[in-house]
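# Fold and contact review
Residues per chain, in single letters:
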Amino acid sequence: MRAVIAITGASGIVYGLRLAEELGKAGARLDFVVSGGAKKVMDCEVRGGSKKALARLAKLGRVYSETDFSAPFASGSRAPDAFAVCPCSMKTLSDIANGYSDNLVKRGAEVALKEGRLLVLVPREMPFTAIQLENMLKLARLGAAIMPPQPAFYGGEGSAGELVDFVVGKIMDRMGVKNALYRRWGA
Ligand SMILES: Cc1cc2nc3c(=O)[nH]c(=O)nc-3n(C[C@H](O)[C@H](O)[C@H](O)COP(=O)(O)O)c2cc1C
């Protein structure tokens, strides 16, 4: 499968990085787009900062800047099988919901929607305002998979890494990519 992972400036950069690594292991052809906001959050959340995080992504696929509209997935003629915004900030969520595609993340999401490809959004905020919930409802009605990072605990208490993997495993399930990242109910 051909997939794009967009990383925006919400907390939980680790979800995007783990998703990239696991999709790469599963043989997906990957491209990435990283917003300026994401780089700031990477500097706070990732050991080695944004430089290290971007280097990790570059090993798995091409990394586009948010201003580079020449990327293939900016065009409906080259839409990927799946486009994931992981994590997705409330700002990017709002812009996607309103068709305001002023960067490559939002344009890629718009292309996925208009071409009927899988759009996965991993919105991170707590609590959500009514505006944010309305934006999510609007996008869900348009066919986007709204997947806030909410691990279940039926596999036990788990380490932080296991909880991250639960979320990543569920995203991969939605993309139709086999994985054994979490213990399934009844297994
Ligand atoms: C350390 C840090 C954590 C943040 N966490 C969140 C968050 O969890 N959710 C969110 O919507 N915005 C969060 N923000 C704010 C966004 O980064 C900000 O709204 C930014 O403009 C989003 O831009 P982007 O969507 O283009 O990446 C955070 C900012 C920083 C610096």
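Our subject is the structure listed above.
Conventions adopted
Residues numbered from 1 in each chain as written. Predicted model: local features only at pLDDT ≥ 70, side-chain atom pairs only at ≥ 80, totals over all residues. Near = placed C-beta within 6 Å. Helix = DSSP H or I, 4+ residues; strand = E, 2+ residues; numbered from the N terminus. Nonpolar A, V, L, I, M, F, W, Y, C, P; charged D, E, K, R; others polar. Expected span 1.5 Å × (residues − 1). Buried ≥ 20, exposed ≤ 12 C-beta atoms within 10 Å, placed from the backbone. Pairing = 2+ DSSP bridges. Right-handed = clockwise from strand over helix to strand, strands pointing away.

Taken together, the neighbourhood of the ligand is formed by 16 residues, with Gly9, Ser35, Gly37, Ser89 and Met90 sitting nearest. At the level of secondary structure, the elements contributing two or more residues to the shell around the ligand comprise helix H2 (36-45) and helix H4 (90-97). Of the residues forming the shell around the ligand, the biggest block, five residues, is contributed by H2. Split by residue class, the shell around the ligand holds five nonpolar, seven polar and four charged.

Helix length check: helix H1 (residues 13-25), at 13 residues, gives a terminal C-alpha distance of 19 Å against a target of 18 Å (1.5 Å per residue), a fit within 8%. Positive backbone phi, at 95°, marks Gly27, one or two positions downstream of H1.

The buried count for strand E5 (residues 118-123) comes to five of six residues, which makes it a mostly enclosed element. The pairing of strand E4 (residues 82-88) with E5 spans five bridges and is classified as parallel. Residue pairing across strands places Ala82 opposite Leu118, the latter belonging to E5. With two bridges connecting them, E5 and strand E6 (residues 145-146) associate as parallel partners. Along E6, the bridge assignment pairs Leu121 with Ile146. Between the parallel elements E5 and E6, the chain passes through helix H6 (residues 130-141) in a crossover that is right-handed.

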